[in-house]
Amino acid sequence: DVCGTSAVLVSTLISPMLHFNLDGYMGVVVSGIILYGAYGLLKDMINSLLGEAPDPKLVHEIVTMIMNHPAILGVHDMMVHNYGPNKMFASAHVEVDASKDIFETHDHIDNIEREVKEKMNIDLVLHMDPVKVNDPETEFYRAKVAKAIHQIDKTWGFHDFRIVSGPTHVNLVFDLVVPFEESYTEKQIEEMLLNHIHSDKKIYFVLTIDHPYA
């Protein structure tokens, strides 16, 4: 507003001195200023409407607070929604020991959600993903999958790992986290994993391709 008004004032003062009407030229300048301001407003508004990536520091603080509780084995699929000052919501999946009492685990989840609300003023909703702990066969294949993924691409990750084992084969069930721009197909990924995993039993993958939302 100041720039636009100043341009009009300059035109009013200088035009009589130059005996030349500057209104049209100053109008172009004012139009450019208005368009530039509109671009900035639209850019900020579009980010708010479509959503933008959360601050990595904020995500780290939330994850750290969750992982400080011994009942939680892992955190994934976190999403943060910002609706303005003091209106922030977050959701995440947490891995918990499947052998523990469900009421006890739910009590831990409630305490974590309340703690995050009190300390960070964020309304957090946690979804429990039970995983089998201290099972030798599960840990054996989990380690193989972790090593294979690390060898293929260090930016990949996985979670919700479990197995369904039979006499001749074993199903490896897990979510594989890859970047949004990943070009490999699911079939290609399975073939690469099979080339890195060796087992006495035949291996089948039950994959869910996931992406890092936070």
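K.L.:
Can you break down helix α6 (residues 186-196) residue by residue, with the values?
P.N.:
Where α6 is concerned, the buried positions are Ile 189, Met 192 and Leu 193. Taken down its axis, α6 places every buried residue within 100 degrees of arc, on the same side. Along α6, exposed side chains directed more than 90 degrees from the buried face belong to Lys 187 and Asn 195. On its buried side, α6 packs onto α5 (136-152), β5 (169-177) and β6 (202-210).

K.L.:
Please set out the pairing of β6 residue by residue, giving values where relevant.
P.N.:
Examined bridge by bridge, β5 and β6 share 9 bridges and lie parallel to one another. Within the sheet, the bridge partner assigned to Val 170 lies in β6 and is Ile 203. After leaving β5, the chain enters α6 and then returns to the sheet as β6, a path that is right-handed.

K.L.:
Talk me through α5; I want residue IDs and the actual numbers.
P.N.:
Between its terminal C-alpha atoms α5 stretches 25 Å, which fits the 24 Å expected from 17 residues at 1.5 Å a residue. What α5 keeps buried is the set Thr 138, Tyr 141, Arg 142, Val 145, Ala 148 and Ile 149. Projected down its long axis, α5 carries its buried residues within an arc of 130 degrees, all on one side. The outward face of α5, more than 90 degrees from its buried face, is lined by the exposed residues Pro 136 and Lys 147. On its buried side, α5 packs onto β4 (157-165), β5, α6 and β6.

K.L.:
Break down the environment of Val 75 for me, citing the residues and quoting the values.
P.N.:
Here Val 75 is to be found in strand β1 (residues 72-82). Excluding anything up to four places from it in sequence, Val 75 contacts Val 63, Ile 66, Met 67, Ala 92, His 93 and Val 94.

K.L.:
How would you summarise the sheet that holds β6 if you had to cite specific residues and measurements?
P.N.:
Backbone-to-backbone hydrogen bonds pair the strands of a sheet. The strands run either parallel or antiparallel. Pairing is mixed in the open sheet, where 3 strands are placed in the order β4-β5-β6. Only two strands of the sheet have a single partner each, and these edge strands are β4 and β6. With strand direction ignored, the average angle separating the axes of adjacent strands in the sheet is 20 degrees. When β4 meets β5, the two strands line up antiparallel, connected through 7 bridges. Within β5, the residue paired with Ser 165 across the bridge is Val 170. Seen against the sheet, α5 touches β4, β5 and β6 and runs at an angle of roughly 140 degrees to β4. α6 contacts β5 and β6 of the sheet and is inclined by roughly 135 degrees relative to β6.

K.L.:
Provide a residue-level description of the environment of Asp 160, including the pertinent values.
P.N.:
Relative to the assigned elements, Asp 160 resides in strand β4. The exposure class of Asp 160 is buried, given its relative accessible area of 14%. For Asp 160, the side chain forms a polar contact with the side chain of His 76, separated by 3.4 Å.

K.L.:
Any details on the nonpolar core? Residues and values, ideally.
P.N.:
Ile 62, Ile 66, Ile 122 and Leu 126 are the most contacted members of the largest nonpolar core, which totals 20 residues. Those elements that place two or more of their residues in this core are α3 (56-67), β1, β2 (88-97), α4 (102-120) and β3 (122-131). Apart from residues no more than four positions distant in its own chain, Leu 126 is found in contact with Ile 66, Ala 92, Val 94, Ile 109, Ile 112 and Glu 113. Counting residues in hydrophobic clusters, the runner-up holds 19 residues, among them Trp 156, Ile 163, Val 170 and Leu 172.

Criteria and thresholds
- Residues numbered from 1 in each chain as written.
- Predicted model: local features only at pLDDT ≥ 70, side-chain atom pairs only at ≥ 80, totals over all residues.
- Heavy atoms only, no water.
- Buried < 20%, exposed > 50% of the residue type's maximum accessible area, 1.4 Å probe, protein only.
- Helix = DSSP H or I, 4+ residues; strand = E, 2+ residues; numbered from the N terminus.
- Arc of directions from axis to C-beta.
- Contact = heavy atoms within 4.5 Å.
- Pairing = 2+ DSSP bridges.
- Right-handed = clockwise from strand over helix to strand, strands pointing away.
- Expected span 1.5 Å × (residues − 1).
- Axes fitted to C-alpha atoms, helices over the stretch in contact; angles between N-to-C directions.
- Polar contact = N/O pair within 3.5 Å; in protein donor to acceptor, adjacent residues only side chain to side chain.
- Core = buried A, V, L, I, M, F, W, Y, C linked by side-chain atoms within 4.5 Å.

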